[in-house]
Amino acid sequence: MNKLTILVVEDDVPVRNLITTTLEAHEYRYITAENGKSAIMETASHNPEIILLDLGLPDIDGVEVIASIRRWSNVPIIVISARSEDADKISALDAGADDYLTKPFSVEELLARLRVTQRRLALIQNNSMQQAVFINGALRIDYVSGCAFLNEEELHLTPIEYKLLCLLAKNTGKVLTHKYITQNVWGSSWENDVVSLRVFMATLRKKLEKNPDSPQYIQTHIGIGYRMVKVEEKE
């Protein structure tokens, strides 16, 4: 798997050194930025494949940096922040972050998040943006026919369930907030829409997961949203 160029945005020198040393040890290329303005400039000039972003920057709040970059780039952004409240996570994810890692973090978890993001990038690169078929483990979605299959048996989904499944599939590995999902499925984000989302997600899981209480495909981030997990192929 080719190593990527990663932009590390962190003003805390010890933390920045920990991250860059870890990246270097695992043969990732990296560039650094100590504040929000530099982060935006480095993104524009060097076009990194992934951004690791602290939210508590000295000049611009990290959420504003995310929103600024999202106006012109879809580069994956993984937030690494000491802010652990759900509201902070939701704010960052709604602004366009792809993942959220809370400080203090383990090096192993950081590398795992990078691998997930790297696999998602490879999936996008290996398929056209409007791929005809999505495959994840035993799950297959045929976008042309509008059908989904599990172990080659068709899943009998309602239109809303199918739309939810496709939205999650096209963002595999990315946490989608309740607000993002409801706006894309229902066109609004009222409290009733979130209640409906939980109901539809429960019925979708019953059809998709062998054990809904221990899901393989759709992961719940309590109070935040849902994520389609990339299923590892068995050797």
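Below: a short report on this structure. A quick note: this is a predicted structure, and the numbers were derived from the prediction, not measured.

## Digging into the nonpolar core
- Leu 139, Ile 141 and Leu 165 are the most contacted members of the largest nonpolar core, which has 27 residues in total.
- Counting residues per element, the ones that place at least two in this core are strand E7 (139-142), strand E8 (147-150), helix H6 (159-169), helix H7 (178-185), helix H8 (191-208) and strand E12 (225-228).
- Here this core gets 7 residues from one element, more than from any other, and that element is H6.
- The contacts of Leu 165, once residues within four sequence positions are left out, are Leu 139, Ile 141, Ala 148, Leu 157, Leu 204, Leu 208 and Met 228.
- Of all hydrophobic cores here, the second largest spans 24 residues; its members include Ile 31, Ile 66, Ala 95 and Val 175.

## Regarding the packing of H6 against H7
- Where H6 contacts H7, the axes come no closer than 10 Å and their chain directions differ by 125°. Taken together, the axis directions place H6 and H7 in an arrangement best described as oblique. Judged by the sense of rotation from one axis to the other, the crossing of H6 with H7 is right-handed. Contacts between H6 and H7 pair Ile 160, Lys 163, Leu 164 and Leu 167 from the former with Tyr 180, Ile 181, Asn 184 and Val 185 from the latter.
- A class-by-class count of the residues in the contact of H6 with H7 yields 6 nonpolar, 1 polar and 1 charged.

## Considerations on H6
- The element H6 is largely enclosed, with a buried count of 8 among its 11 residues.
- Residues of H6 that are buried: Glu 161, Tyr 162, Leu 164, Leu 165, Cys 166, Leu 167, Leu 168 and Ala 169.

## Overview of the pairing of E12
- Of the two faces of E12, the one lined by Gly 225 and Arg 227 and the one lined by Tyr 226 and Met 228 are each fully buried.
- One ladder, built from 3 bridges, connects strand E10 (residues 175-177) with E12; its direction is antiparallel. Bridge pairing links Val 175 to Arg 227 in E12.
- Bridge analysis of strand E11 (residues 218-221) against E12 gives 4 bridges, and the strand direction is antiparallel. By the bridge assignment for E12, Ile 218 is matched with Met 228.
- What sits between E11 and E12 in their antiparallel hairpin is a turn of 3 residues, with Gly 223 showing a positive phi close to 80°.

## A closer look at H7
- Among the residues of H7, those classed as buried are His 178, Ile 181, Thr 182 and Val 185. Viewed along the axis of H7, the buried residues span an arc of 95°, placing them on a single side of the element.
- Residue Gly 187 follows H7 closely and has a positive phi angle near 80°.

## Examining the sheet that holds E8
- Spatial strand order, E6-E7-E8-E9: 4 strands in an open sheet with antiparallel pairing. The open sheet has two edge strands with one neighbour each: strand E6 (133-136) and strand E9 (153-154).
- Two elements, E7 and E8, share 4 bridges in a ladder whose sense is antiparallel. Opposite Leu 139, over in E8, you have Leu 150 as the bridge partner.
- Lying on the sheet, H6 is in contact with E6, E7 and E8; it crosses E7 at an angle near 105°.

## Describing the packing of aromatic side chains
- Applying the stated criterion to the full structure yields 1 aromatic pair.
- Ring centres 5.9 Å apart and planes at 45° place the aromatic pair Trp 186 and Phe 200 in the tilted group. Of the two residues, Trp 186 sits in the loop between H7 and H8 while Phe 200 sits in helix H8, which places them 14 residues apart along the sequence.
- What makes Trp 186 partly exposed here is its relative accessible area of 27%.
- What makes Phe 200 partly exposed here is its relative accessible area of 25%.
- Note that Arg 140 overlies the ring of Phe 149, its terminal NZ or CZ placed 4.3 Å from the centroid.
- The ring of Tyr 143 carries the charged tip of Lys 170 above its face, separated from the ring centre by 4.6 Å.

## Some thoughts on unusual backbone geometry
- Between Lys 103 and the following residue, Pro 104, the backbone shows a cis peptide bond with an omega angle of -5°.
- Mapped onto the elements, Pro 104 comes out in the loop between strand E5 (99-102) and helix H5 (107-126).
- With phi around 55°, Asn 151 is a residue other than glycine that occupies positive phi space.
- Tracing the backbone shows Asn 151 in the loop between E8 and E9.
- Of note, the phi angle at Glu 152 is positive, near 65°, even though the residue is not glycine.
- Locating Glu 152 in the fold gives a position in the loop between E8 and E9.
- We classify Glu 152 as exposed; its relative accessible area is 57%.

Thresholds applied
- Residues numbered from 1 in each chain as written.
- Predicted model: local features only at pLDDT ≥ 70, side-chain atom pairs only at ≥ 80, totals over all residues.
- Heavy atoms only, no water.
- Core = buried A, V, L, I, M, F, W, Y, C linked by side-chain atoms within 4.5 Å.
- Buried < 20%, exposed > 50% of the residue type's maximum accessible area, 1.4 Å probe, protein only.
- Helix = DSSP H or I, 4+ residues; strand = E, 2+ residues; numbered from the N terminus.
- Contact = heavy atoms within 4.5 Å.
- Axes fitted to C-alpha atoms, helices over the stretch in contact; angles between N-to-C directions.
- Parallel < 35°, antiparallel > 145°, perpendicular 65-115°, else oblique.
- Left-handed = near helix turned anticlockwise from the far one by under 90°.
- Nonpolar A, V, L, I, M, F, W, Y, C, P; charged D, E, K, R; others polar.
- Pairing = 2+ DSSP bridges.
- Arc of directions from axis to C-beta.
- Phe/Tyr/Trp six-rings, centres within 6.5 Å; stacked < 30°, edge-to-face > 60°.
- Lys NZ or Arg CZ within 6 Å of the ring centre and 35° of its normal.

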